[in-house]
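Listed here are the chains, written in short residue letters.
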There are 2 protein chains.
Amino acid sequence: MRASRRPGPGAHDVTRTILRGPTIAAHEPPVEPPPAARTGRRVPARRPTMKDIARRAGVSESAVSFALNDRPGVSETTRSRVRRVADQLGWRASTAARALSGEGAATVGLVLARPASSLGIESFFLQLVSGIQEVLSERHLGLLFRVVAGAEEECAVYRRWWAEQRVDGVIVVDPRIGDPRPALLDSLGLPAVVVGGREVDREPQEPVPYPVISTVRVDDAAAMGAIVEHLAGLGHRRVVHVAGLAGLAHTTRRVASLRAGAASLGMSAVRSVTTDYSEGQGAEATRLALAGPEPPTAIIYDNDVMAVAGAGVALGMGLSVPRDLSVVAWEDSALCRATHPRLTALDRDATAFGRRAAEELVGLLGGRPARDVAQPTPELVVRDSTAPPLRG
Amino acid sequence: MRASRRPGPGAHDVTRTILRGPTIAAHEPPVEPPPAARTGRRVPARRPTMKDIARRAGVSESAVSFALNDRPGVSETTRSRVRRVADQLGWRASTAARALSGEGAATVGLVLARPASSLGIESFFLQLVSGIQEVLSERHLGLLFRVVAGAEEECAVYRRWWAEQRVDGVIVVDPRIGDPRPALLDSLGLPAVVVGGREVDREPQEPVPYPVISTVRVDDAAAMGAIVEHLAGLGHRRVVHVAGLAGLAHTTRRVASLRAGAASLGMSAVRSVTTDYSEGQGAEATRLALAGPEPPTAIIYDNDVMAVAGAGVALGMGLSVPRDLSVVAWEDSALCRATHPRLTALDRDATAFGRRAAEELVGLLGGRPARDVAQPTPELVVRDSTAPPLRG
DNA sequence: CTGAAAGCGCTTACAG
DNA sequence: CTGAAAGCGCTTACAG
């Protein structure tokens, strides 16, 4: 606690010493200790306001506002004096007051619509959030975070946030087939960045469909292409893709890309099965695939946890990875490096992804027009879980 | 978009139909379409305010406020009419305006001070957050979320949030030795719940040291006791504890509990080494321990990722888990169930933990006095990674 | 360059 | 039971 913030009997002297300069001291009214300081009872600090600054600096409140917001209309001397007093008091503009004055809430929203049980699993999200934060915190924007069970609830949250004036914009994840969110956000006029591309890929020359909604795309096709090429190069011809949620746009894209890639490389049997991303369904899908009539020699998993679970199932069935089964994880993480053998994985750099999304949203909030930006294609990190198949 | 929110030419009729009743219709001024509706250009929706409700319901703004906040001073008929109009318009109180009126920001803060790299790893946090959300969302409280690099930055965030009037209270995680946060939060008068106990355990009859800071305790001693008992029962006498960050209060508690438990059970050689929770340091600690002169027959890891990494190292060294080495993870997760063999782990129920913390904070915000509450002792889930040692 | 005033959307004593 | 008014802490035209 600085003395100046909770003025006690000696505070005035301290202030004077710090400010040092007769001009300033003359403007400064004597600081009176609050009643509690005399009685000795503990009081929580009172947050300083512009009025306090104005009084101390001997200028009007509007002068303070202009000075602190770098607007013309105050002399340099006044500006620097005001700034010094503000710093000294530890003043920060009340976001509530700024929001009410039409300056926006200085807050960005993020909703995760995944069942709580599968959340702990997704290291992707926490890394995404941490990337988002890097950018937001520089600009002193807050992140309002919410976990919900499903899409409708997510829409309800957006409506509420909008009505409550809580956020200036949102970052939307997990684009879906027939996604209702872009239209809703557009109708609310809530700027948004969709992480993971549009439902339908747009031609570069087309205008963005919504004027306040940008997109950060990932090239799922190229990424899947790299995986398929790697596996085909090793000689795999029977591949199973244990995909994620059926409703997600990127699931559809990955499934389609696998099919296309396999066809062009002459792979005989590829198929995708969708799951809920959980270890349980990942394990189950693996069991079914390996117990079937024509078991795959390689399995691609849409996340790291399913890949680890799947490798575990294979081991449990007496198979060796990668001798009997190659495993690829779509999502690199500590997990992939921690297991034995270490898993070949697609490295997406979720942090950079979050950073990019936040930057784009900050741009939108600053009035830049909406657009689609591409994220670098993820890189396939080849480790010990992929090798040529024993039996063709 | 409901017709009533973006009134077009036909909106008035719709409204009248929904409201149906001459009294109400008489109070309702005709809704004029905004200019944009005539020109056909898309306009973002304007959020409805109390003024809109007052006009439509034919009462004063203060009557609307009283009606909506369930305060006496309005008749039941007025109240229900006001409520209906508010619902119809999709009205929500502006949090900014409420905050400025002294009602609080309706927001709770959570700061995570961990390096971004190790964040994706900690499934604990995302589950904690999801538990916190369950409670907050019921009360329509927002969660302001922040990731920072270290303790000082965390304190700076609290100061800023307080000065900006952004949060009504915070949930504090990772209590540390010599933790500066409680004193800071106390001086700011910011209600807080510390998750994970106090730095120093308080006797039940002692008053809580800070009037607005509650604590949700976990019984690390009992948990470690259960692990030690399990291992001792299997016949292990040389145990290594790969702990987490040295500065954290619970690390200290676990280290001490291990020592105490081992002594009482006559274990010959136990020791703890601290790490940063990362897979890398977990693996390294394992390598060092196993390569040493008197290698342990069992290792306790302070999180799931290190446990998986450690098991991988053992495998890589030609050891079999659990035949040559027993492994226990302090933190159950998908990981522990996904690896092969599945890991014996301590199940903490992070979601319940988050729920409990949020409930306690909501209580504090409601004026309930601060207190320490205990969280049920975590349960040891015995799986395939622990067994009697081959060599004593 | 500076100050007095209105307004943002609420809440809350205070009169009627 | 109801309404007019002030205030929360800012921003921003608008006069001087």
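Reading guide: rules and limits
- Residues numbered from 1 in each chain as written.
- Chains lettered and ligands numbered in written order.
- Predicted model: local features only at pLDDT ≥ 70, side-chain atom pairs only at ≥ 80, totals over all residues.
- Heavy atoms only, no water.
- Helix = DSSP H or I, 4+ residues; strand = E, 2+ residues; numbered from the N terminus.
- Buried < 20%, exposed > 50% of the residue type's maximum accessible area, 1.4 Å probe, protein only.
- Contact = heavy atoms within 4.5 Å.
- Areas by Shrake-Rupley, 256 points an atom, 1.4 Å probe, with all protein chains shown as cover.
- Near = heavy atom within 4 Å.
- Nonpolar A, V, L, I, M, F, W, Y, C, P; charged D, E, K, R; others polar.
- Phe/Tyr/Trp six-rings, centres within 6.5 Å; stacked < 30°, edge-to-face > 60°.
- Lys NZ or Arg CZ within 6 Å of the ring centre and 35° of its normal.
- Core = buried A, V, L, I, M, F, W, Y, C linked by side-chain atoms within 4.5 Å.
- Axes fitted to C-alpha atoms, helices over the stretch in contact; angles between N-to-C directions.
- Parallel < 35°, antiparallel > 145°, perpendicular 65-115°, else oblique.
- Left-handed = near helix turned anticlockwise from the far one by under 90°.
- Expected span 1.5 Å × (residues − 1).
- Salt bridge = Lys/Arg side-chain N within 4 Å of Asp/Glu carboxyl O.
- Pairing = 2+ DSSP bridges.
- Least-squares fit on C-alpha atoms with pLDDT ≥ 70 in both.
- Polar contact = N/O pair within 3.5 Å; in protein donor to acceptor, adjacent residues only side chain to side chain.
- Buried area = accessible area lost by both parts, 1.4 Å probe.

Draft legend 1. Main features of the overall build of chain A. What chain A contains, in helices and strands, is 17 helices and 12 strands. Counting only residues that meet the buried cut, chain A has 56% of its 392 residues in that class. If you take every contact in chain A between residues at least 6 apart in sequence, the share linking residues at least 24 apart comes to 70%. When the accessible area of chain A is evaluated, it comes to approximately 16100 Å², of which 53% is carbon and sulfur surface.

Draft legend 2. Spotlight on the protein's contact with DNA strand D. The full set close to DNA strand D counts 25 residues, and A:S65, A:S101, B:S62, B:G73 and B:L100 are the nearest of them. Atoms of DNA strand D within 4 Å of the protein: sugar and phosphate make up 64%, bases the balance. Mapped onto the surface near DNA strand D, the elements with two or more residues apiece are helix 5 (61-68) and helix 7 (95-103) of chain A together with helix 7 (95-103) of chain B. Looking at the surface near DNA strand D, the element that brings in the most residues is helix 7 of chain A, giving five residues. Residues that form the surface near DNA strand D fall into these classes: eight nonpolar, 12 polar and five charged.

Draft legend 3. How the structure looks around the packing of aromatic side chains. Residues and elements named next belong to chain A. Using the criterion set out here, one finds seven aromatic pairs over all chains in the structure. Centre to centre, the rings of F124 and F125 are 5.7 Å apart; their planes meet at 70°, and the pair counts as edge-to-face. Here F124 and F125 have matching classes, each one buried. The positively charged end of R254 is found above the aromatic ring belonging to W330, 3.8 Å away from the centroid.

Draft legend 4. Region of interest: the nonpolar core. Judged by nonpolar contacts, the single largest core of 60 residues is most densely connected at A:L110, A:F145, A:I171, B:L110, B:F145 and B:I171. Excluding residues that lie within four positions of it along the chain, B:L110 makes contacts with B:V129, B:I132, B:L143, B:L144, B:F145, B:R146, B:W161, B:I171 and B:V173. In this structure, A:I299, A:A309, B:V240 and B:V308 belong to the second largest nonpolar core, which totals 54 residues.

Draft legend 5. Here's a closer look at the packing of helix 9 (residues 123-138) of chain A against helix 17 (residues 350-365) of chain A. Residues and elements named next belong to chain A. The contact between helix 9 and helix 17 brings their axes to 7 Å, and the two run at 45°. The angle between helix 9 and helix 17 places the two elements in the oblique class. Relative to helix 17, the crossing made by helix 9 is right-handed. Residue-level inspection shows F124, Q127, L128, S130, G131, I132, E134, V135 and L136 of helix 9 in contact with helix 17, the latter providing A350, T351, F353, G354, R355, A358, E359 and V362. Its residues placed into classes, the contact of helix 9 with helix 17 shows nine nonpolar, five polar and three charged.

Draft legend 6. Focus on helix 14 (residues 279-291) of chain B. For helix 14 of chain B, with 13 residues, the first-to-last C-alpha span of 18 Å sits near the 18 Å given by 1.5 Å per residue. At its buried positions, helix 14 of chain B is contacted by helix 16 (334-338) of chain A together with strand 6 (238-242), strand 7 (269-273), strand 8 (298-301) and helix 15 (304-316) of chain B.

Draft legend 7. Quick peek at the pattern of salt bridges. Evaluation of the coordinates by the stated rule reveals 51 salt bridges over all chains. The partner of B:D52 in a salt bridge is B:R55, and the shortest N-O contact between them spans 2.9 Å. Here the residue B:D52 and the residue B:R55 both occupy positions in helix 4 (residues 50-57), the gap between them amounting to three residues, near one helical turn. Classification of B:R55 as partly exposed rests on a relative accessible area of 47%. Three or more residues joined by partner-sharing salt bridges are found here, namely A:R356, A:E359, A:E360, A:R368 and A:R371.

Draft legend 8. View of the sheet that holds strand 8 (residues 298-301) of chain A. Residue and element names in this part refer to chain A. Judged by pairing direction, the sheet is mixed, and its six strands sit side by side in the order 7-6-8-9-10-12 without closing on themselves. Edge strands, defined here as strands with exactly one partner in the open sheet, are strand 7 (269-273) and strand 12 (379-381). Neighbour-to-neighbour, the strand axes of the sheet open up by a mean angle of 15°, direction not taken into account. Bridge count between strand 8 and strand 9 (residues 326-329): four bridges; the pairing is parallel. Paired with I300 across the bridge in strand 9 is V328.

Draft legend 9. The arrangement of the relation of the copies chain A and chain B in detail. Note on the copies: chain A fits chain B at an RMSD of 0.0 Å, the axial shift is 0.0 Å, and the rotation between them is 180°. When the rotation and shift are considered jointly, the pair of chain copies conforms to a two-fold rotation axis. When the interface residues of chain A are mapped onto chain B, 100% of them are again interface residues, pointing to one common binding face.

Draft legend 10. Molecular detail of the protein's contact with DNA strand C. Neighbouring DNA strand C are 25 residues; A:S62, A:G73, A:L100, B:S65 and B:S101 lie closest to it. Considering the 4 Å shell around the protein, atoms of DNA strand C inside it are sugar or phosphate in 63% of instances. A:L100 has a polar backbone atom sitting 3.0 Å from a base oxygen of DNA strand C. Secondary structure elements with two or more residues in the surface near DNA strand C: helix 7 of chain A together with helix 5 (61-68) and helix 7 of chain B. The element that contributes the greatest number of residues to the surface near DNA strand C is helix 7 of chain B, accounting for five residues. Here the residues of the surface near DNA strand C sort into eight nonpolar, 12 polar and five charged.

Draft legend 11. Local environment of the sheet that holds strand 7 of chain B. All names here are of chain B. Across the sheet, six strands lie side by side as 7-6-8-9-10-12; this open sheet has mixed pairing. One side of each edge strand has no neighbouring strand; the edge strands of this open sheet are strand 7 and strand 12 (379-381). Direction aside, the axes of adjacent strands within the sheet are offset by 15° on average. Relative to strand 7, helix 13 (residues 249-265) is tilted by about 180°, and along the sheet it contacts strand 6, strand 7 and strand 8.

Draft legend 12. Broad picture of the interface of chain A and chain B. Taken together, the 67 residues of chain A in the interface contact 67 residues of chain B. Interface area for chain A against chain B, summed over the two sides, is near 5800 Å², with a carbon-plus-sulfur share of 59%. Counting the contacts that link chain A with chain B gives two salt bridges. Between B:R337 and A:E279 there is a salt bridge, and its shortest N-O distance comes to 2.6 Å. Linking chain A with chain B are 18 residue pairs in polar contact (both at pLDDT 80 or more). Considering each element in turn, the side of chain A that touches chain B owes the most residues, eight residues, to helix 9 of chain A. Residue composition of the side of chain A that touches chain B, grouped by class: 33 nonpolar, 19 polar and 15 charged.

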